[in-house]
Amino acid sequence: MALLGGSMAFAGADDAVPAYLDERLPIEQRVEDALARMTREEKVALCHAQGKFSSAGVPRLGIPELWMSDGPHGVRAEVNWNDWGYANWANDYSTAFPALTALAATWNPQMAALYGRNIGEEARYREKDVLLGPGVNIYRTPLNGRNFEYMGEDPYLAGEMAVPYIQELQKNGVAACVKHFALNNQETWRGNVDVRVSDRALYEIYLPAFKKAVTEGKTWSIMGAYNQYDGQHACHNSRLLCDILRGEWGFDGAVISDWGGTHDTRQAALNGLDIEMGTYTNGLTSESEFTCDDYYLANPYLKMLESGELPDSSVNAKAANVLRLIFRTAMNSGAPRGSLDFAKHYAAAKRIADESIVLLKNDGLLPLRPDRYKRVLVVGENAVRNLTEGGGSSELKVKDMFTPLDALKEVYAEVLYAPGYKSGRPIYDGEELVAQDVLDSLRREAVAMAKDVDAVIFIGGLNKNGFQDTEGTDRREYSLPWGQDRIIEELCDANPNVVVANVTGNAYSMPWIGKVPAVMQSWYLGTMIGPAMADAISGKVNPSGKMPYSIPRRLEDCAAHSFGPEAYPGVESSGPRQEYREDILVGYRWHDTKSIPALFPFGHGLSYTKFEYGKPTASAKEMTDGAPLVVRIPITNAGGVEGSEVVQLYVSDLKSTLPRPLKELKGFSKISLKPGETGEVEFRILPEHLRYFDDAAHQWVAEPGKFMLLIGSSSTDIHAKVPFTYK
Ligand code: GLC
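Residues numbered from 1 in each chain as written. Predicted model: local features only at pLDDT ≥ 70, side-chain atom pairs only at ≥ 80, totals over all residues. Heavy atoms only, no water.

Enquirer: Give a description of the site of the ligand that names residues and reports values.
Expert: Among the 16 residues in the neighbourhood of the ligand, the closest are listed as Asp 70, Arg 146, His 180, Tyr 226 and Asp 258. Asp 258 places a polar side-chain atom, nitrogen or oxygen, 2.6 Å from an oxygen atom of the ligand. For the ligand, the protein covers 100% of the area, taking 310 Å² as the surface of the free molecule. Among the residues forming the shell around the ligand, the class breakdown is six nonpolar, three polar and seven charged. (Near = heavy atom within 4 Å. Polar contact = N/O pair within 3.5 Å; in protein donor to acceptor, adjacent residues only side chain to side chain. Areas by Shrake-Rupley, 256 points an atom, 1.4 Å probe, with all protein chains shown as cover. Nonpolar A, V, L, I, M, F, W, Y, C, P; charged D, E, K, R; others polar.)

As structure tokens, then:
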């Protein structure tokens, strides 16, 4: 019988267990052994998809295929073999955990660990080897449709919150796939916009969260972004994937392309991509009737290897990375079995949601006591809408969805509801326009009802429709859509007790902020959105979230929108090409350095109690590389209810050779205190917290000189300053 595919080394029945199957052996030894047994064809087969969400194993050697699933907020419903249609299984429901911006808003790494552990149990039970998340792209503009999937504007916060998620997820034997590496900070022209950015901004703003995910989180895989960087697509960008990811960070996992992010065989072969997914699609809708053998890293690659145009070392390196990923996941017999313990996972989702809601403004109306406010009107589409659907690849199929309206009906004696407005029916690239007379009548109905209730709770915001909070398109405007600003104004005219508790993944303008007595920032909180919002509004839970991004008064106050179209969204005629002209001044770095105050600053969040900051103590007045500075500060709950405060530490370099932001977040600690209780928060200042990236020297430098530590409850609400000298 002619052996297919050339000579093969069969493991005879009497052989000992081959090394690659022996989990007692070091993983590198197993990888080498498997490679030595594999043909070139088998190695190439590892480097590309075999279907929409799976890539091949090595059937002859009993090495299983890899199964991947979205997404960062829960395990997506099963998709067809090789198209985007849902397979409509009956057992692929999942828990919708809060969106990652909400996780960031908890400022609590313990919540990130809880998140990773629980989502990992569901991914493992659903037999997924790779969970396509978390996303850590930096929030550069409030118009980015996918900001709800990411962790805000500050790289330190994003990195600190990503690491526990990754570590706990991977304890389930499921690989994290941190995305989208790198510079995918908008959806407009995402497939090819060519991002130009200084090395300072690249290293200080856009890479740190990815670096932490690799060097501390030890992520087993990373996803290349759709966009270009310096003229090369990120999915096969030699600087990002070879020089930085592997060369500087020592990444030993697998690089997986975004779906449709691969564009060239030679580049994909030589520039660090390991698994090509979703090619010949626009990432979402279009398909090709071809087989996966037509992928750039399939037959075209094989041919160039056979001809010697490309070195076999390239496919050996890829195959080794993919085998390592398979051994860590699909062949990890020591991994737990996971579960769909929805009661447990819903409880985890609720805890995370509770800690994420941000109290932006409160003139005393909140908490809305049920014993005092008995007849309550709820207005707004997001009080009833299932926001786990839509939004692109992060959408989920949930068995349960507890809406805010249902939850509020459990709390208040009499709850009335009026939509107040209506969003358009979603269509692929947007939504159907809603007639003005429909909006007018809905508004009039809500305002009329507001006149004879004790209080009004407005739950509107954005949603997952096109040009709102969704993948594939950016928002077209900074203001709330569907006439919500007018409704909020008129509700305030009709009733003095209006709470605005909007659900969004992005900042938005608030022209009515002076009229509304209480404003909450809620998030796409998933399955438990209703109970979490009802508990925060009624006071059963004391909000402790802090903003993971600034809320500018106007879009023009935002850094990315202060340098013309080249900075955002880029200039289409040039490619499109885009320049991050704000450089390192992103978010509060811009607002605080340029004295353009945000309406609500980064790190802002109120409580139903009051925290007092005591006098800080420092271990020394000078700091050297060998002697970190230790700073302690007492915090007292001076109010009447238990609460948690996020104490934030910002570092200000008072004199530096290169310009630096006025301050940068380098520490935070969430402390829970009972009424009257005093606790202490400790920060250890290390040289790494003082450094900036000197792009000319291509190195991180901490220049000796005077520094100031700023300790506060937001980036602008500073309660203590500690000067010191770095020697
Ligand atoms: C999408 C997204 C990516 C997702 C992938 C698979 O286009 O950009 O985040 O994981 O394709 O759905």
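Enquirer: Outline the side chain of Ser 257, listing residues and values.
Expert: With respect to the helices and strands, the residue Ser 257 is situated in the loop between strand 10 (254-256) and helix 9 (265-270). In terms of polar contacts, Ser 257 uses its side chain to reach the backbone amide nitrogen of Met 277, at 2.9 Å. (Helix = DSSP H or I, 4+ residues; strand = E, 2+ residues; numbered from the N terminus.)

Enquirer: Please provide a residue-by-residue account of the sheet that holds strand 8 (residues 228-229), values included.
Expert: Hydrogen bonds along the backbone pair up the strands of a sheet, which may run parallel or antiparallel. Strand order in the open sheet made by the four strands is 9-8-6-19, with mixed pairing throughout. On the outer flanks of this sheet lie strand 9 (232-233) and strand 19 (577-579), each paired with one strand and no other. Where strand 8 lies against strand 9, two bridges are found, and the strand directions are antiparallel. Pairing of Tyr 229 across the sheet is with Gln 232, part of strand 9. (Pairing = 2+ DSSP bridges.)

Enquirer: Break down the domain arrangement of the protein for me, citing the residues and quoting the values.
Expert: When the domains of the protein are assigned, the result is domain 1 (38-328), domain 2 (357-549), domain 3 (550-602) and domain 4 (609-727). Each of domain 2 and domain 3 has a C-alpha centre, and these two points are 27 Å apart. Between domain 2 and domain 3, the residue contacts involve 12 residues of the former and 11 residues of the latter. Summed over both sides, the interface of domain 2 with domain 3 buries roughly 940 Å², with 69% coming from carbon and sulfur. Of all residues in domain 2, the largest losses of buried area upon contact with domain 3 belong to Tyr 478, Met 547 and Tyr 549, amounting jointly to 48% of the total for that side. On inspection of domain 2 and its partner domain 3, the count reaches zero salt bridges. Inspection of the region where domain 2 meets domain 3 yields two residue pairs in polar contact (both at pLDDT 80 or more). (Domains from an automatic or database assignment. Contact = heavy atoms within 4.5 Å. Buried area = accessible area lost by both parts, 1.4 Å probe. Salt bridge = Lys/Arg side-chain N within 4 Å of Asp/Glu carboxyl O.)

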